[in-house]
Amino acid sequence: MSDKNILVYPIILHPENSGYSVEVPDIDGGTWTQGDTMKDAILMAIDAIGIMLEDKSEYPIASKLEDLIVKNEDIKTVVSINLDEYRRNNPKTVRKSVTVPEYLVKLGKEQNLNFSAILTNALKERLES
């Protein structure tokens with residue numbers, strides 16, 4: 001695992017009448033999300049960071065927590081995300097064309113096999129061992 005993919009960013013929790021809106025100032029010029037509880041809001045911020053950065057290899061530089069200006073009721077804190085783990089747990093799928101013997105396709109169809117699931121499992125087993 002590369003430390004390069006463990007990121008820490010400041011967030012600002014803005015209390016609302018119900019729950020919190022969450023600002024992630026360093027991501028994409030300011031990313032926003034929300035949560036019903038403080039815990040939910042923090043988890044949503046982590047997920048928003050993951051979504052915005054999952055396809056990137058270079059990441060925005062994090063602001064210093066002490067440099068964030070907030071109103072009295074706002075809460076500033078930091079969150080961390082391991083992008084390698086995020087990508088494993090939230091995989092994007094891509095269409096891939098593969099070539100297999102015709103008789104295997106016929107047998108697989110007769111048994112109602114999911115070729116994508118079988119290939120995914122075989123790749124995981126091969127690559128994660």
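Residues numbered from 1 in each chain as written. Predicted model: local features only at pLDDT ≥ 70, side-chain atom pairs only at ≥ 80, totals over all residues. Heavy atoms only, no water.

Draft legend 1. Broad picture of unusual backbone geometry. Its identity as a non-glycine residue notwithstanding, Asp28 has a phi of 55°, on the positive side. Within the fold, Asp28 resides in the loop between β2 (20-24) and β3 (31-35). Asp28 sits in the exposed class, given a relative accessible area of 60%. With a phi angle near 55°, Asn112 is a residue other than glycine that sits in the positive phi range. Residue placement: Asn112 occurs in the loop between α3 (102-110) and α4 (115-128). (Helix = DSSP H or I, 4+ residues; strand = E, 2+ residues; numbered from the N terminus. Buried < 20%, exposed > 50% of the residue type's maximum accessible area, 1.4 Å probe, protein only.)

Draft legend 2. Expanded view of the pattern of salt bridges. Under the counting rule described, the total for this entry stands at 1 salt bridge. With a shortest N-O distance of 4.0 Å, Asp84 and Arg87 are connected by a salt bridge. Within this pair, Asp84 and its partner Arg87 are both found in helix α2 (residues 83-89), separated by 3 residues, close to a single helical turn. For Arg87, a relative accessible area of 26% translates into the label partly exposed. (Salt bridge = Lys/Arg side-chain N within 4 Å of Asp/Glu carboxyl O.)

Draft legend 3. The environment of Thr31, seen in detail. The residue Thr31 is located in strand β3 in this model. Residue classification places Thr31 among the buried positions, given a relative accessible area of 10%. The spacing of Thr31 and Ala45 is 14 residues in sequence and 8.7 Å in space, taken between C-alpha atoms. Every residue in contact with Thr31, bar those within four places of it in the chain, is listed here: Val22, Glu23, Val24, Ala48 and Met52. There is a polar contact of 2.8 Å between the side chain of Thr31 and the backbone oxygen of Ile27. (Contact = heavy atoms within 4.5 Å. Polar contact = N/O pair within 3.5 Å; in protein donor to acceptor, adjacent residues only side chain to side chain.)

Draft legend 4. Summary view of helix α1 (residues 38-53). For α1, spanning 16 residues, the distance from its first C-alpha to its last is 23 Å, which sits close to the expected 22 Å at 1.5 Å a residue. In this structure, the buried side of α1 is in contact with β1 (6-15), β2, β3, β4 (75-82) and α2. (Expected span 1.5 Å × (residues − 1).)

Draft legend 5. Quick peek at the pairing of β3. Side chains Thr31, Thr33 and Gly35 project from β3 onto a buried face, and the interleaved Trp32 and Gln34 project onto a face without burial. Here 5 bridges tie β2 to β3, and the two strands are oriented antiparallel to one another. The partner of Val22 across the bridge, within β3, is Thr33. Between the end of β2 and the start of β3, which pair antiparallel, lie 6 residues, with Asp28 showing a positive phi angle near 55°. (Pairing = 2+ DSSP bridges.)

Draft legend 6. Examining the layout of surface pockets more closely. Taken as a whole, the largest pocket spans an internal volume of roughly 1,100 Å³. Among the secondary structure elements, those contributing two or more residues to the lining of the largest pocket are α2, α3 and α4. With 9 residues, α4 is the single largest residue contributor to the lining of the largest pocket. Split by residue class, the lining of the largest pocket holds 13 nonpolar, 5 polar and 7 charged. (1 Å grid on protein atoms, 1.4 Å probe; cavity = no way out; pocket = protein on both sides within 12 Å on 5 of 7 lines; lining within 4 Å. Points joined across faces, edges and corners; volume = space filled by probe spheres on them. Nonpolar A, V, L, I, M, F, W, Y, C, P; charged D, E, K, R; others polar.)

By themselves, these figures tell us nothing about what the structure is for.
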